[in-house]
Amino acid sequence: GAWDTSAVAVKRCLEDAGWTVLLIDDEDIRSSLGKFGLVVMPGGNPIEMASILGFTGRENIKRLVRNGGGFIGLGGGAYLAADSMNYHGSNSPDSLLSLYQGYASGPFPQIAPNGYALTLINLSTDLFNPEGVPSLQTLYYGGPRLVIEQPADYVIVATFNNLPDNPVAALAFQYGMGRVVLAAVQPEIEENDPRDGSDWG
């Protein structure tokens, strides 16, 4: 279910930042995440991604984060952290990570009636934004509306500029001793730049 272009772009982005990155599959996740400090779920079809992880894969991810690791969900991967979701009208309440109480629903047809588009987001904190950039245009490709009931102390990282009530575009919160970051957008994709390993977009 993962979008291969997003996975490769995430790898390139994190390697540019000095991280050692391995592309892994569902069997690796179900086997063990003991040697990893962070799991990134790229864009893609969240229903397919959730179902292939299985109970063991989900528990391995939760254990990693609870023990001090990290989870980043981008676009389709952001749905997986919820305890309920609605993706294109289909529900999948029993196969999610449940890293927070709340739901993920989407996509936003107002942003991308044809599936994907560039969209403007407002950056509302210096978390992940050391240059203090107030806004940026980034790819939107099917990401969710994120509604969190618990934990109540989540941090809004970015909001959508072009939607009523400026819904959350990215947020962060603690889970156990670790951190979760969710983005309804695809910041790993570099439009008109081969740095992300593809010519997509």
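Please refer to the structure higher up on the page.
All of these numbers come straight from a predicted model, not from anything done at the bench.

About the criteria used
- Residues numbered from 1 in each chain as written.
- Predicted model: local features only at pLDDT ≥ 70, side-chain atom pairs only at ≥ 80, totals over all residues.
- Heavy atoms only, no water.
- Helix = DSSP H or I, 4+ residues; strand = E, 2+ residues; numbered from the N terminus.
- Rg over C-alpha atoms; globule rule 2.2 N^0.38 Å.
- Buried < 20%, exposed > 50% of the residue type's maximum accessible area, 1.4 Å probe, protein only.
- Areas by Shrake-Rupley, 256 points an atom, 1.4 Å probe, with all protein chains shown as cover.
- Lys, Arg positive; Asp, Glu negative; His and termini not counted.
- Charge placed at Lys NZ, Arg CZ, Asp CG, Glu CD.
- Contact = heavy atoms within 4.5 Å.
- Pairing = 2+ DSSP bridges.
- Axes fitted to C-alpha atoms, helices over the stretch in contact; angles between N-to-C directions.
- Salt bridge = Lys/Arg side-chain N within 4 Å of Asp/Glu carboxyl O.
- Polar contact = N/O pair within 3.5 Å; in protein donor to acceptor, adjacent residues only side chain to side chain.
- Core = buried A, V, L, I, M, F, W, Y, C linked by side-chain atoms within 4.5 Å.

With that out of the way, let us pick up the overall build of the protein chain. Each helix and strand in the protein chain was counted, giving three helices and 11 strands. In the protein chain, the succession of α and β elements from N to C terminus is α-α-β-α-β-β-β-β-β-β-β-β-β-β. On C-alpha atoms alone, the protein chain measures out to a radius of gyration of 16 Å, which is about the 17 Å that the 2.2 N^0.38 rule sets for 201 residues. Expressed as lengths along the three principal axes of its C-alpha atoms, the size of the protein chain is roughly 40 × 35 × 30 Å. Each of the 201 residues in the protein chain was classed as buried or not, and the buried ones make up 46%. When the accessible surface of the protein chain is totalled, it reaches about 9800 Å², and 49% of it is carbon and sulfur. Between the averaged position of the 11 positive side-chain charges in the protein chain and that of its 22 negative side-chain charges there is a distance of 8 Å.

Tracing the backbone shows threonine 159 in strand β9 (residues 155–160). Other than its neighbours up to four places away in sequence, threonine 159 contacts Leu120, Ile121, Asn122, Asn166, Pro167, Val168 and Ala169.

All right, on to the sheet that holds strand β4 (residues 90–91) then. Pairing is mixed across the open sheet formed by four strands, whose spatial order is β4-β3-β5-β8. One side of each edge strand has no neighbouring strand; the edge strands of this open sheet are β4 and β8 (145–150). Where strand β3 (residues 84–87) meets β4, two bridges bridge the pair, whose relative direction is antiparallel. Counterpart to tyrosine 87 in the pairing with β4 is serine 90.

As a further point, take the sheet that holds β9. Overall, mixed pairing links the seven strands, which are arranged β1-β2-β11-β10-β9-β6-β7 in an open sheet. Looking at strand neighbours, the two that pair on one side only are β1 (38–41) and β7 (135–140), the edges of this open sheet. The mean inter-strand angle of the sheet, taken between neighbouring strand axes irrespective of direction, is 20°. Of the strand pairs in this sheet, strand β10 (residues 168–175) and strand β11 (residues 178–183) are connected by six bridges, and their pairing is antiparallel. Paired with phenylalanine 173 across the two strands is valine 180, which belongs to β11.

Now for the pattern of salt bridges. Enumeration over the complete set of coordinates arrives at five salt bridges. For arginine 30, the salt bridge identified is with aspartate 26, shortest N-O distance 3.0 Å. Note that arginine 30 and aspartate 26 are positioned in helix α2 (residues 26–31) at a spacing of four residues, about one turn of the helix. For lysine 62, the salt bridge is made with glutamate 59, and the minimal N-O distance between the two is 3.9 Å. On the criterion of helical spacing, the pair formed by lysine 62 and glutamate 59 is a turn pair, its members being three residues apart in helix α3 (residues 46–66). For lysine 62, a relative accessible area of 15% gives the class buried. In the salt-bridge network here, residues are joined through shared partners; they are Asp16, Glu190 and Arg195.

Turning our eyes to something else, we now look at the environment of tyrosine 79. Mapped onto the fold, tyrosine 79 is located in the loop between β2 (70–74) and β3. When the C-alpha positions of tyrosine 79 and methionine 177 are compared, they lie 21 Å apart, and in sequence the two are 98 residues distant. A polar atom in the side chain of tyrosine 79 sits 2.8 Å from the backbone oxygen of glycine 142.

If you look at the biggest cluster of nonpolar residues, it comprises 32 residues, and the most contacted ones within it are Phe71, Leu99, Tyr100, Phe173, Val180 and Leu182. Apart from residues no more than four positions distant in its own chain, tyrosine 100 is found in contact with Ala81, Ala82, Asp83, Leu146, Val147, Ile148, Gln150, Pro151, Phe173 and Leu182. With 21 residues, the next largest nonpolar core counts Leu14, Ala169, Ala183 and Val185 among its residues.

We now examine unusual backbone geometry. Note that the residue after glycine 106, namely proline 107, is joined by a cis bond; omega there is 5°. Within the secondary structure, proline 107 is located in the loop between β5 (101–106) and β6 (117–123). Glutamine 150 connects to proline 151 through a cis peptide bond whose omega is 5°. Checked against the element boundaries, proline 151 lands in the loop between β8 and β9. With phi around 65°, phenylalanine 128 is a residue other than glycine that occupies positive phi space. Of note, phenylalanine 128 is situated in the loop between β6 and β7. Residue classification places phenylalanine 128 among the exposed positions, given a relative accessible area of 51%. We note that asparagine 166 has phi near 45°; this positive angle belongs to a residue other than glycine. By the secondary structure assignment, asparagine 166 is in the loop between β9 and β10. Classification of asparagine 166 by relative accessible area gives partly exposed; the value is 36%.

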